[in-house]
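Listed below, chain by chain, are the residues.
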Amino acid sequence: MRGGSKIPFGRTLAVIASALLLSLIGPGAVANASGGHPPRHGCECETPSIDRLQQWLASGEGTTVPPTGSLLVRERGGYAAKVAFLNAEWHVVVVWLGNQFEAQADLSKSKGFWMTYSATDDLYVQLRPASHWSGGDKWLTKVPSTGGKLVKKFFSFAPDAWTTLPELGKPTYSFASALTEARGLVFVGKTPNELAFRGLAIDRYRPPCL
């Protein structure tokens, strides 16, 4: 090159490549790469969720902290659902499987769900169908205490893994029919308890984000 300094070919190629990359991804992407929120990978919803489940709710039944509303709190770059059961009385917290009350899911092909949680005492989880939502007379399975430690446990949808409690009553429908129109998983317990949920992934079911 005459009349100017010589630029090594490798450096010229790098400048061209950088310019091409900027033109493809745009300035917004560069700004996000240097700060702000990390890119989402499609696993969670845009609003707070745990395994795409957005509605973790204290029902107001029994003395709980919080007493009503969402249980979701920010924790370790994600979200946890936390609640305390107080007093020796029945407490109820709800997870809507379709993220709204009117929705329901067919879980008849699902083997069960993995749950990551901690609990200081035993409790139960009920599978409540849309056609028989209200009342305590539901199919349920025990959620064992973890001694306050975070554990991951599989809960099977095999019919023999689910039972009833005489105190709450026996449902008039089969567990198999409840799986076909599942509206929510409802956690109930009659003793003081400190609960935290970090994961609830249902086999063959992907909750819709709302």
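Heads up: these notes are all about the structure in this document.

So, how was this worked out
- Residues numbered from 1 in each chain as written.
- Predicted model: local features only at pLDDT ≥ 70, side-chain atom pairs only at ≥ 80, totals over all residues.
- Heavy atoms only, no water.
- Helix = DSSP H or I, 4+ residues; strand = E, 2+ residues; numbered from the N terminus.
- Buried < 20%, exposed > 50% of the residue type's maximum accessible area, 1.4 Å probe, protein only.
- Areas by Shrake-Rupley, 256 points an atom, 1.4 Å probe, with all protein chains shown as cover.
- Core = buried A, V, L, I, M, F, W, Y, C linked by side-chain atoms within 4.5 Å.
- Contact = heavy atoms within 4.5 Å.
- Pairing = 2+ DSSP bridges.
- Polar contact = N/O pair within 3.5 Å; in protein donor to acceptor, adjacent residues only side chain to side chain.
- Disulfide = S-S within 2.5 Å.
- Salt bridge = Lys/Arg side-chain N within 4 Å of Asp/Glu carboxyl O.

Observations regarding the overall build of the chain
Helices and strands together make up the secondary structure of the chain, namely 2 helices and 12 strands. For the chain, the succession of helices and strands along the chain, N to C, is α-β-β-β-β-β-β-β-β-β-β-α-β-β. By residue count, 39% of the 210 residues in the chain fall in the buried class. As displayed, the chain offers around 11700 Å² of accessible surface, 58% of which is attributable to carbon and sulfur atoms.

Some details on the nonpolar core
Core analysis: the biggest nonpolar cluster contains 38 residues, and Trp 56, Leu 107, Phe 113, Met 115, Leu 127, Phe 187 and Leu 200 have the highest contact counts within it. Taken together, the elements giving at least two residues each to this core come down to strand 1 (56-58), strand 5 (78-86), strand 6 (91-96), strand 7 (112-119), strand 8 (123-129), helix 2 (175-180), strand 11 (182-189) and strand 12 (193-202). With residues up to four places along the chain from it excluded, the contact list for Leu 200 reads Ile 50, Asp 51, Leu 53, Trp 56, Phe 113, Trp 114, Met 115, Leu 185 and Phe 187.

What about the sheet that holds strand 8?
Pairing is antiparallel in the open sheet, where 6 strands are placed in the order 3-1-6-11-8-9. The open sheet terminates on both sides in strands that have one partner only, identified here as strand 3 (69-70) and strand 9 (140-143). Relative to strand 3, strand 1 is paired through 2 bridges, and the arrangement is antiparallel. Along strand 3, the bridge assignment pairs Leu 57 with Ser 70.

Some words on the environment of Glu 167
With respect to the helices and strands, Glu 167 occurs in the loop between strand 10 (151-156) and helix 2. Placed 30 residues apart in sequence, Glu 167 and Asp 137 show a C-alpha to C-alpha distance of 8.7 Å. What Glu 167 contacts, discounting residues up to four positions off in sequence, is Trp 90 and Lys 190. Within the local environment of Glu 167, its side chain forms a polar contact with the side chain of Trp 90, the two groups lying 3.0 Å apart. At 2.6 Å, the side chain of Glu 167 and the side chain of Lys 190 are in polar contact.

Some thoughts on the state of the cysteines
By definition, a disulfide links the sulfur atoms of two cysteine residues through a covalent bond. Scanning the model with the defined rule gives 1 disulfide in all. With a sulfur-sulfur separation of 2.0 Å, Cys 45 is cross-linked through a disulfide to Cys 209. One disulfide, between Cys 45 and Cys 209, carries an S-S torsion of -80° and so falls in the left-handed class. Remark: Cys 209 occurs in the segment after strand 12 and Cys 45 occurs in the loop between helix 1 (9-34) and strand 1; sequence separation between them is 164 residues.

As for the environment of Phe 85
With respect to the secondary-structure elements, Phe 85 resides in strand 5. With a relative accessible area of 1%, Phe 85 lands in the buried category. Distance from Phe 85 to Val 65, taken between C-alpha atoms, is 6.9 Å for residues 20 residues apart in sequence. Excluding residues that lie within four positions of it along the chain, Phe 85 makes contacts with Thr 63, Thr 64, His 91, Val 93, Leu 123, Phe 187, Val 188, Gly 189, Thr 191, Pro 192, Asn 193 and Leu 195.

Things to note about the side chain of Asn 193
Counting through the fold element by element, Asn 193 comes out in strand 12. In this structure the side chain of Asn 193 is engaged in a polar contact, spanning 2.9 Å, whose partner is the backbone nitrogen of Thr 120. Looking at Asn 193, its side chain comes within polar contact range of the main-chain oxygen of Asp 121, at 2.8 Å.

Observations concerning the pattern of salt bridges
Opposite charge on two side chains allows them to pair when their charged atoms are near. In this structure the tally under the stated criterion is 6 salt bridges. Between Arg 198 and Glu 75 there is a salt bridge; the shortest N-O distance is 3.7 Å. One end of the pair, Arg 198, is in strand 12; the other, Glu 75, is in strand 4 (residues 72-75), with 123 residues separating them in the sequence. Looking at Arg 198, the relative accessible area reads 23%, which means it is partly exposed. On the accessibility criterion, Glu 75 (17% relative accessible area) is buried. The partner of Asp 137 in a salt bridge is Lys 138, and the shortest N-O contact between them spans 3.1 Å. Lys 138 sits in the buried class, given a relative accessible area of 1%. Among the charged side chains, a salt-bridge network with shared partners connects Glu 75, Arg 76, Lys 82 and Arg 198.

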